[in-house]
Amino acid sequence: ASAVEIRNLDKFYGPFQALKQIDLTIPPGKVTCLIGPSGSGKSTLLRCINFLEEYDAGEVRIDDQLIGYDGPGRKMSARKLRQMRRSIGMVFQQFNLWPHMTALENVAEGLIRVRGLGKADAATRAAEALRKVGLEDKMQNHPARLSGGQQQRVAIARAIAMEPRLMLFDEPTSALDPELVGEVLQVMKTLAGEGMTMAVVTHEMGFAAHVADQVAFMEAGELVAVDSPDAILHNP
Ligand code: ADP
Ligand code: ADP
């Protein structure tokens, strides 16, 4: 079974059709990069996977389970949607950290609030996640005392601490100064090497070329090609 099956997906913003009949399989344990011009629908497609955007037709299945709807046109309960989203981590262009909390507290918060862990257990697991992204020395720093690259690594730690089965990255390096991009891509590459299922919207062609298992190329709301990085990136 595939991690994510997207079938005949349509998405409208008012009269504007942002996604047109998208068919895409995201295989488990692999990295899928979504590339294409700005405005082509990459972010919308990614956000449909965890139902941050409601799609209008077609379906998205996560591990064979339909997300967002219980059946045709019948939206699932908020509770069931929350349940399904628990297996999906997401990292955005903006890091969205709480400024008044340390790196450790930022990562532990979800474990306490969403997973119901006690403070001590949450702190232990948060520390592990921060070690994994190379921030063992910065756990007590507040975001203002971290570089953009470090803040994004905290955001990745926050997501992986929840032990997701699938990670979605929406232009995770686009808000960073160029010299900080590499450290974030390196963490993502490590995660990929551990067999995490990943879908990544990115403009980093080096990452797509070297780390992706498959590349999906979008244009004007359509998925125009899905193939190996070699096939897509060397035959533009
Ligand atoms: P990409 O990620 O490829 O840059 P997006 O998925 O962000 O593209 O956007 C696809 C298209 O949908 C664009 O034309 C964009 O202007 C439009 N769009 C995105 N979000 C909204 C929204 N909330 N309301 C109306 N139009 C939107
Ligand atoms: P770009 O060419 O877009 O600047 P980078 O060269 O920074 O991209 O590489 C992006 C990611 O791909 C980094 O994580 C880097 O480790 C990895 N990478 C780059 N070149 C290779 C390679 N030859 N083999 C494996 N991984 C690579």
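These figures come from a predicted structure and were not determined experimentally. (Residues numbered from 1 in each chain as written. Chains lettered and ligands numbered in written order. Predicted model: local features only at pLDDT ≥ 70, side-chain atom pairs only at ≥ 80, totals over all residues. Heavy atoms only, no water.)

A. Examining the overall build of the protein more closely. When helices and strands are counted, the protein shows eight helices and twelve strands. Taking 2.2 N^0.38 as the reference for a compact globule, 236 residues should give roughly 18 Å; the C-alpha atoms of the protein span a radius of gyration of 18 Å, in line with that estimate. Expressed along its principal axes, the backbone C-alpha trace of the protein runs to roughly 45 × 45 × 35 Å. Burial statistics for the protein: of 236 residues in total, 51% are counted as buried. Within the protein, contacts between residues separated by at least 24 positions form 64% of all contacts whose residues are at least 6 apart in sequence. Split by element, the accessible area of the protein, about 11,200 Å² in all, is 48% carbon and sulfur. The protein carries 26 positive and 29 negative side-chain charges, and their two centres are separated by 8 Å. (Helix = DSSP H or I, 4+ residues; strand = E, 2+ residues; numbered from the N terminus. Rg over C-alpha atoms; globule rule 2.2 N^0.38 Å. Buried < 20%, exposed > 50% of the residue type's maximum accessible area, 1.4 Å probe, protein only. Contact = heavy atoms within 4.5 Å. Areas by Shrake-Rupley, 256 points an atom, 1.4 Å probe, with all protein chains shown as cover. Lys, Arg positive; Asp, Glu negative; His and termini not counted. Charge placed at Lys NZ, Arg CZ, Asp CG, Glu CD.)

B. Spatial organisation of the site of ligand 2. Neighbouring residues of ligand 2: L185, Q186, K189, E204, M205, G206, F207 and H210. One of the side-chain nitrogen or oxygen atoms of E204 is found 3.3 Å away from an oxygen atom of ligand 2. Within the side chain of H210, one N or O atom sits 3.4 Å away from a nitrogen atom of ligand 2. Starting from 550 Å² of accessible surface for ligand 2 in isolation, the protein chains cover 52%. Among the elements of the structure, α6 (178-193) and α7 (205-211) are those that each provide at least two residues to the shell around ligand 2. For the shell around ligand 2, the element with the most residues is α7, which contributes four residues. Of the residues contributing to the shell around ligand 2, the split by class is three nonpolar, three polar and two charged. (Near = heavy atom within 4 Å. Polar contact = N/O pair within 3.5 Å; in protein donor to acceptor, adjacent residues only side chain to side chain. Nonpolar A, V, L, I, M, F, W, Y, C, P; charged D, E, K, R; others polar.)

C. Inspection of the confidence of the model for the protein at higher detail. Confidence in the prediction for the protein averages 96 pLDDT; 98% of positions are at 70 or higher. Here the prediction assigns the complex a pTM of 0.92, and the interface score ipTM is 0.78. (pLDDT = per-residue confidence, 0-100.)

D. Looking closely at the site of ligand 1. Around ligand 1, the neighbouring residues are Y13, F16, A18, P37, S38, G39, S40, G41, K42, S43 and T44. One of the side-chain N or O atoms of Y13 is found 3.5 Å from a nitrogen atom in ligand 1. For ligand 1, an oxygen atom lies 3.0 Å from a polar atom in the backbone of G41. In isolation ligand 1 exposes 560 Å². Once the protein is present, 58% of that is buried. Elements with a minimum of two residues in the shell around ligand 1: β2 (16-26) and α1 (42-49). With three residues, α1 is the largest single contributor of residues to the shell around ligand 1. Considering only residue class, the shell around ligand 1 consists of four nonpolar, six polar and one charged.

E. Representation of the side chain of E109 within the structure. With respect to the helices and strands, E109 occurs in helix α3 (residues 103-113). With sequence-adjacent residues up to four places away left out, E109 is seen in contact with W98, M101 and V114.

F. Expanded view of the packing of aromatic side chains. Counted by the stated rule, this structure contains three aromatic pairs. Pairing F51 with Y55 gives two aromatic rings, centres 5.5 Å apart and planes at 90°, and the pair type is edge-to-face. Classification of Y55 as buried rests on a relative accessible area of 2%. The interplanar angle of 70° and the centroid separation of 5.2 Å between the aromatic rings of Y55 and Y69 together place this pair among those described as edge-to-face. Placement of the pair is Y55 in the loop between α1 and β4 (57-62) and Y69 in strand β6 (residues 69-71), with a sequence separation of 14 residues. In textbook terms, an aromatic cluster arises when at least three aromatic residues are bridged by ring pairs, as seen for F51, Y55 and Y69. (Phe/Tyr/Trp six-rings, centres within 6.5 Å; stacked < 30°, edge-to-face > 60°.)

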